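# Coordinates in review
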Amino acid sequence: MARMYDKAYFGDSIVPVADAHLSVASSAVLYGLSVYTVFPVCVTAGGLAAFRLRDHYQRLLNSARIIGIDTFEPVWNYEKFESAVRDLVRALMPTEDVFVRATVHVSEPLAGTRSRGLGVTVSMFVYEAKPIIPQDGARLKTSVWRRIPDYAIPSRAKVNGAYVNSVLGKQDALDSGYDDCIFLDVSGHVCELSAANIFIVRDGTLITPDMTSDILEGINRKTILEVASRLGIPTLERSIDLTELYVADEVFACGTSAFVASVKEIDARTIGLGTMGNITERLRTAHTAILHGTDPLYAHYLTVI
């Protein structure tokens, strides 16, 4: 488990993590009615810097809009969000790369199964940037559970309660001796891992499930596609069949907490040569440089804290 820092932003102030409480009668607790985002704050030559902070704020807004949480946006503009992040990180002053999890909780007590016009509480906490899957050769298993479809709970909204689906898939994979799962949609097409997007390489082309494949519209996914284009790597966003994974030259996962993680095995089948492929390695190197501010072409993605 990752190591947490001892202070959190909760409500409108910084408090000890132990004092950041929600009521057991809140909609967040009763129904999982919260939306969240996680972003890295990395050590760079210019100081601690948050990655694509405005995009993460926008994802919070989008998630709230989709679910119908309408009391967050009128009160929290981007400037307030950035200020809260700065206050928390500066209060902790980490000397390592960390993750910040920012959440909008519907904290209204006993509101019933609805989302509009309800009070919200914003929380943020910080923890060590520990990857959620092995970085050099993850082993994956097709989940016995299907990804929740957009017409049930949309994956493009990061809704806390929806992650029970991810827990079921990941725990099944762990119980079976694997590192993580691969979700399929109701039609049998590849979606993503429990908490990361997936890419494959076939004949030199980088391929990933498209936005209509019940996936999270990942910020790191978008970054990888942008970097691949700059590096001259052909890219495709389309439906992917499960068997395409088995015959891919390379497979990797990406996400804030997954970074860029190569995959060596899926459903007891070795992927490619069973080692990290050239395209995966190039993209991982580029991604790491962006996060740590050593690629000036992407300096605009970093907000110095």
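About the thresholds
Residues numbered from 1 in each chain as written. Predicted model: local features only at pLDDT ≥ 70, side-chain atom pairs only at ≥ 80, totals over all residues. Heavy atoms only, no water. Helix = DSSP H or I, 4+ residues; strand = E, 2+ residues; numbered from the N terminus. Rg over C-alpha atoms; globule rule 2.2 N^0.38 Å. Buried < 20%, exposed > 50% of the residue type's maximum accessible area, 1.4 Å probe, protein only. Core = buried A, V, L, I, M, F, W, Y, C linked by side-chain atoms within 4.5 Å. Contact = heavy atoms within 4.5 Å. Expected span 1.5 Å × (residues − 1). Arc of directions from axis to C-beta. Patch = residues over 30% accessible without salt bridge, like charges linked within 9 Å, V, L, I, M, F, W, Y side chains within 5 Å. Areas by Shrake-Rupley, 256 points an atom, 1.4 Å probe, with all protein chains shown as cover. Salt bridge = Lys/Arg side-chain N within 4 Å of Asp/Glu carboxyl O. Lys, Arg positive; Asp, Glu negative; His and termini not counted. Polar contact = N/O pair within 3.5 Å; in protein donor to acceptor, adjacent residues only side chain to side chain. 1 Å grid on protein atoms, 1.4 Å probe; cavity = no way out; pocket = protein on both sides within 12 Å on 5 of 7 lines; lining within 4 Å. Points joined across faces, edges and corners; volume = space filled by probe spheres on them. Nonpolar A, V, L, I, M, F, W, Y, C, P; charged D, E, K, R; others polar. Axes fitted to C-alpha atoms, helices over the stretch in contact; angles between N-to-C directions. Left-handed = near helix turned anticlockwise from the far one by under 90°.

## Comments concerning the overall build of the protein chain
- Helices and strands together make up the secondary structure of the protein chain, namely seven helices and 15 strands.
- Whereas a compact globule of 305 residues would reach a radius of gyration of roughly 19 Å, the protein chain reaches 19 Å, a difference of no more than 12%.
- For the C-alpha atoms alone, the extent of the protein chain along its principal axes is close to 50 × 45 × 30 Å.
- Across the 305 residues of the protein chain, 54% fall into the buried class.

## A few points about unusual backbone geometry
- The phi angle at aspartate 203 is positive, at roughly 50 degrees, despite the residue not being glycine.
- Position of aspartate 203 among the secondary structure elements: in the loop between β9 (197-202) and β10 (205-208).
- Residue class for aspartate 203 comes out exposed when judged on its relative accessible area of 73%.
- With a phi angle near 55 degrees, aspartate 214 is a residue other than glycine that sits in the positive phi range.

## Some details on the nonpolar core
- If you look at the biggest cluster of nonpolar residues, it comprises 37 residues, and the most contacted ones within it are Phe39, Val41, Phe72, Phe81, Val85 and Met124.
- Broken down by secondary-structure element, the contributors of at least two residues to this core are β1 (4-10), β3 (34-44), β4 (47-51), α2 (53-67), α3 (78-92), β5 (98-106) and β6 (120-128).
- A total of seven residues in this core trace back to one element, the largest contributor, which is α3.
- Excluding residues that lie within four positions of it along the chain, valine 41 makes contacts with Leu48, Ala49, Ala50, Val89, Glu96, Asp97, Val98, Val100 and Ile305.
- Counting 28 residues, the second largest nonpolar core, distinct from the first, contains Ala49, Ile233, Ala286 and Tyr301.

## Things to note about helix α4 (residues 164-175)
- A rise of 1.5 Å per residue sets the reference length of α4, with its 12 residues, at 16 Å; its end C-alpha atoms lie 16 Å apart and thus fit the reference within 8%.
- Where α4 is concerned, the buried positions are Asn165, Ser166, Gly169, Lys170, Asp172 and Ala173. Down the axis of α4, the buried side of the element spans an arc of 155 degrees, and every buried residue falls inside it. Opposite the buried face of α4, by more than 90 degrees, sit the exposed residues Val164, Val167 and Asp175.

## Here's the deal with the environment of histidine 21
- With respect to the helices and strands, histidine 21 occurs in the loop between β2 (13-16) and α1 (27-31).
- Taking the relative accessible area as the measure of exposure, histidine 21 reaches 56% and is therefore exposed.
- Counting along the chain gives 136 residues from histidine 21 to alanine 157, while the straight-line C-alpha distance between them is 24 Å.

## Some points on a nonpolar patch on the surface
- On the surface, Val144, Trp145, Val164 and Leu168 cluster together to form a nonpolar patch covering roughly 370 Å² of accessible area.
- Secondary-structure assignment places tryptophan 145 in the loop between β7 (136-142) and α4.

## Observations concerning the pattern of salt bridges
- Summed over the entire model, instances satisfying the criterion amount to 19 salt bridges.
- Between glutamate 82 and arginine 86 there is a salt bridge whose closest N-O contact spans 2.7 Å. Linking glutamate 82 with arginine 86, this pair stays in helix α3, spanning four residues, or about one helical turn.
- One salt bridge connects aspartate 150 with arginine 156, and the closest N-O pair in it is separated by 3.2 Å.
- Residue classification places arginine 156 among the partly exposed residues on the basis of a relative accessible area of 28%.

## Some points on the side chain of aspartate 267
- You can see aspartate 267 is positioned in the loop between β13 (259-266) and β14 (269-270).
- Although aspartate 267 is buried, it makes no salt bridge; arginine 269 carries the closest opposite charge, 4.8 Å away.
- A polar contact of 2.6 Å, which involves the side chain of aspartate 267, links it to the side chain of tyrosine 246.
- Here aspartate 267 is in contact with Leu140, Lys141, Thr142, Tyr178, Leu242 and Tyr246, once residues within four sequence places are set aside.

## Regarding the layout of surface pockets
- The calculated volume of the largest pocket comes to roughly 1000 Å³.
- Considering the residues around the largest pocket, the lining is formed by 42 residues, among which Tyr36, Arg101, Ile132, Tyr163 and Ala195 are closest to the centre.
- Mapped by element, the contributors of at least two residues to the lining of the largest pocket are β3, α2, β5, β6, α4, α5 (219-230) and β12 (250-255).
- Of the residues contributing to the lining of the largest pocket, the split by class is 22 nonpolar, 12 polar and eight charged.
- There is about 280 Å³ of room inside the second largest pocket.

## Focus: the side chain of glutamate 82
- Judged by its relative accessible area of 17%, glutamate 82 is buried.
- Of the polar contacts made by the side chain of glutamate 82, one reaches the side chain of tyrosine 78; its length is 2.8 Å.
- Excluding residues that lie within four positions of it along the chain, glutamate 82 makes contacts with Leu53 and Thr303.

## Some thoughts on the packing of α2 against α3
- Running from N to C, α2 and α3 point in directions that differ by 115 degrees, and their axes come no closer than 10 Å. Helix-helix and strand crossings are classified by hand; for α2 and α3 the assignment is right-handed. In this structure, α2 uses Leu53, Arg54, Tyr57 and Leu60 to contact α3, whose residues at the interface are Tyr78, Glu79, Phe81, Glu82 and Val85.
- Looking at the contact of α2 with α3 residue by residue, the classes come out as six nonpolar, no polar and three charged.

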